[in-house]
Amino acid sequence: MDKLRILSVFGTRPEAIKMAPLVKELAFREGVESLCCVTAQHRQMLDSVLEVFDLKPDWDLDIMTPRQTLSTITSKCLLGMDEAIDGLKPDMILVHGDTSTTFAGALSAFYHQIPVGHVEAGLRTYDKYSPFPEEMNRKLVSAIADLYFCPTENNRNNLRKEGITEGVFVTGNTVIDALKTTVRSEYRFSTEELNRLPYEEKKVLLVTCHRRENYGEPMRNIMLALRQIAEENEDVELVYPVHLSPVVREAVDRYLRGAPRVHLIDPLPADEMHNLMHRCYLVLTDSGGLQEEAPALGKPVLVLRRETERPEAVTAGTVKLAGVVQDDIVTMATRLIRDKAAYENMAKAVNPYGDGRACSRIADAILWHFGRLAERPEDYRGN
Ligand code: UD1
Ligand code: UDP
């Protein structure tokens, strides 16, 4: 029997972190040729992940340009994917999540009549413009996909409400698989700035912010809130690995740079980031991935957004929506910094997003779909 050619397509940092363990899992499987095409929607931040997980793409579209628009990303991905598909001849294409790469990868597969597996399927806010453009990307990919790998039961229910019931698997999120390979208690960072942070004596706050719907006024409010938090709390050190987007860097330079106790650093390699999260006190972020990782590590998260498509950890009590209003963010962060009971209430390790075996279930589901495995994999039912 010919080997199944499974092509994983990704382009940004979070997709790469969450797809790396799956590309590897598929490579271990007999009867599978695990192929990988990167769009390089992100260049440096993607390459850093490829290095950490020791992945060598079979195809690289190298599309990134400074200040790229949604239309340029999508059209360049589509054109590049034509060649990649002709060259790699996959039996199935896997895309991840909700980026422009995800949407273009799925659309291209459809144009070539190749089945699509959607990893991290079924997340929804039901607000077309928030997160923008991710909510629409994932809905569009849902319409195209043949297999759906939902991290949680809640995600499966979202698909069911849209009439999608065939080919749906609950697998857990592959980010937990990735996290299990990176976090170590004796980890040493590559810079002394991070090694020397007073993790025990002070409160290290880890911050990230990059979402398009936060550009402008919300991002200004967030930066001013961070400044105020650092100025008003002498026992705090705020560490912020700043995304390479020029829009984000301008906001940081304008409103946050120069504040006391604020460490503005370049994006970290994934293993450094995960270990920093493991040691920090509190996470403030508008990132999707951090909302999944921090609860697994027992770190409270304040989400710098008005909504979230990841309500599971909010329900579990380790994540709270702080919004994008300066006073609200400052009030909620200050409480967690000064009120030990409030902090302890949130700081419990919960893991609604997976048990570290998501990739194994996804690989099984793909093999089962192609008739190469007798048993349908059991769904992930929580820890
Ligand atoms: C993209 C995704 C978003 C995801 C985020 C993860 C879309 C529309 N958005 O947003 O869903 O949450 O990635 O970080 O797909 N840049 C570099 N080097 C890099 C990476 C980015 O210089 O390694 C700069 C480029 O100038 C680029 C800008 O950052 O134009 C923004 O990157 P882009 O991929 O367009 O959007 P993100 O905000 O990163
Ligand atoms: N991350 C990283 N280095 C950083 C910041 C984030 O490796 O400096 C990781 C983070 O741990 C998570 C992923 O990148 O795994 C999240 O990516 P991002 O916030 O860019 O995108 P989102 O998850 O919001 O789509």
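The structure we're discussing is the one just above.
Given the structure is predicted, the values throughout are model-derived calculations rather than measurements.

A. Inspection of the sheet that holds strand E3 (residues 59-60) at higher detail. Ordered by their spatial adjacency, seven strands build an open sheet running E3-E2-E1-E4-E5-E6-E7, and the pairing between neighbours is parallel. Edge positions in the sheet fall to E3 and strand E7 (168-170), since each has one partner strand and no second. Looking at chain direction, strand E5 (residues 116-119) and strand E6 (residues 147-150) are connected through three bridges and run parallel. Among the inter-strand pairings, His118 is bridged to a residue of E6, identified as Tyr148.

B. Looking closely at the side chain of Lys18. With respect to the helices and strands, the residue Lys18 is situated in helix H1 (residues 13-28). Accessibility expressed as a relative area gives 3% for Lys18, which makes it buried. For Lys18, the contacting residues outside a window of four places in its chain are His96, Glu120, Asn173, Thr174, Val175, Gly289, Glu292 and Arg310.

C. Local environment of the site of ligand 2. Around ligand 2 sit 18 residues in total, of which Leu268, Ser287, Gly288, Gly289 and Glu293 are the nearest. Within the side chain of His210, one N or O atom sits 3.4 Å away from an oxygen atom of ligand 2. Protein contacts shield 95% of the accessible area of ligand 2, which totals 540 Å² for the unbound molecule. Sorting the residues of the shell around ligand 2 by element identifies H1, helix H11 (270-279) and helix H12 (288-296) as the ones contributing at least two each. Here the residues of the shell around ligand 2 are counted per class, giving 10 nonpolar, five polar and three charged.

D. Representation of the sheet that holds strand E11 (residues 282-285). Within the open sheet, the six strands sit side by side as E10-E9-E8-E11-E12-E13. Their pairing is parallel. The open sheet terminates on both sides in strands that have one partner only, identified here as strand E10 (262-265) and strand E13 (319-321). In this sheet, neighbouring strand axes are inclined to one another by 20° on average, regardless of whether the strands run parallel or antiparallel. Sheet topology places strand E9 (residues 236-241) next to E10; four bridges connect them, and they run parallel. When the bridges of E10 are listed, Pro241 appears paired with Ile265. Strands in contact with H11 are strand E8 (203-208), E9 and E11; relative to E8, the strand with the most contacts, it is inclined by about 140°. Contacts from H12 reach E8, E11, strand E12 (301-303) and E13 within the one sheet, and its direction differs from that of E12 by about 160°.

E. Just the nonpolar core, in detail. Leu205, Met223, Leu226, Ile229, Tyr240, Leu284 and Ile329 are the most contacted members of the largest nonpolar core, which totals 36 residues. If you list the elements that add at least two residues to this core, you get E8, helix H9 (217-232), E9, helix H10 (246-255), E11, helix H14 (326-338) and helix H15 (340-346). At seven residues, the largest contribution of residues to this core is made by H9. Core analysis: the second largest hydrophobic core is formed by 33 residues, Ala40, Leu55, Ile362 and Ile366 among them.

F. Representation of helix H6 (residues 153-161) within the structure. Every buried residue of H6 is accounted for by Asn155, Arg156, Asn158 and Leu159. Each buried residue of H6 sits inside an arc of 155° when the element is viewed along its axis, so together they form one side. Turning to H6, the residues buried within the fold contact helix H5 (134-144), E6, E7 and helix H13 (312-316). Two residues or fewer after H6 comes Gly163, characterised by a positive phi angle close to 85°.

G. A look at helix H16 (residues 358-369). With 12 residues, H16 should reach 16 Å at 1.5 Å per residue; the first-to-last C-alpha distance of 16 Å fits that figure. In terms of burial, H16 is largely enclosed, as nine of its 12 residues are buried. Gly371 occupies a position one or two residues after H16 and carries a positive phi of about 75°.

H. Highlighting the site of ligand 1. In the vicinity of ligand 1 there are 26 residues, among which Gln41, His42, Gln44, Met45 and Glu134 approach most closely. Here an oxygen atom of ligand 1 and a side-chain polar atom of Gln41 are 2.8 Å apart. In the environment of ligand 1, an oxygen atom lies 2.4 Å from a nitrogen or oxygen atom belonging to the side chain of Glu134. Compared with its free state, where it exposes 750 Å², ligand 1 has 95% of that area covered by protein.

I. Examining the packing of aromatic side chains more closely. The tally for this structure, following the rule as stated, stands at seven aromatic pairs. With a centroid separation of 6.1 Å and an interplanar angle of 45°, the aromatic rings of Phe110 and Tyr111 are classed as tilted. Here a set of aromatic residues connected by ring pairs shows up, and it is made of Phe149, Phe169 and Trp368. Lying across the ring of Tyr199, Arg279 places its NZ or CZ 5.5 Å from the centre.

J. Expanded view of the environment of Met277. Of note, Met277 is situated in helix H11. Considering only alpha carbons, one finds Met277 and Gly371, 94 residues apart in sequence, at a separation of 41 Å.

K. Local environment of the pattern of salt bridges. Within the structure shown, the criterion is met by 34 salt bridges. One salt bridge in this structure joins Arg43 and Asp47, with 2.7 Å as the shortest N-O distance. Across the salt bridge formed by Glu344 and Lys340, the nearest N and O atoms sit 3.7 Å from each other. Taken together, the residues span about one helical turn, with Glu344 and Lys340 both in helix H15 at a distance of four residues. What makes Glu344 partly exposed here is its relative accessible area of 44%. Take Lys340: its relative accessible area is 61%, and that puts it in the exposed class.

Cut-off values and rules
- Residues numbered from 1 in each chain as written.
- Chains lettered and ligands numbered in written order.
- Predicted model: local features only at pLDDT ≥ 70, side-chain atom pairs only at ≥ 80, totals over all residues.
- Heavy atoms only, no water.
- Pairing = 2+ DSSP bridges.
- Helix = DSSP H or I, 4+ residues; strand = E, 2+ residues; numbered from the N terminus.
- Buried < 20%, exposed > 50% of the residue type's maximum accessible area, 1.4 Å probe, protein only.
- Contact = heavy atoms within 4.5 Å.
- Near = heavy atom within 4 Å.
- Polar contact = N/O pair within 3.5 Å; in protein donor to acceptor, adjacent residues only side chain to side chain.
- Areas by Shrake-Rupley, 256 points an atom, 1.4 Å probe, with all protein chains shown as cover.
- Nonpolar A, V, L, I, M, F, W, Y, C, P; charged D, E, K, R; others polar.
- Axes fitted to C-alpha atoms, helices over the stretch in contact; angles between N-to-C directions.
- Core = buried A, V, L, I, M, F, W, Y, C linked by side-chain atoms within 4.5 Å.
- Arc of directions from axis to C-beta.
- Expected span 1.5 Å × (residues − 1).
- Phe/Tyr/Trp six-rings, centres within 6.5 Å; stacked < 30°, edge-to-face > 60°.
- Lys NZ or Arg CZ within 6 Å of the ring centre and 35° of its normal.
- Salt bridge = Lys/Arg side-chain N within 4 Å of Asp/Glu carboxyl O.

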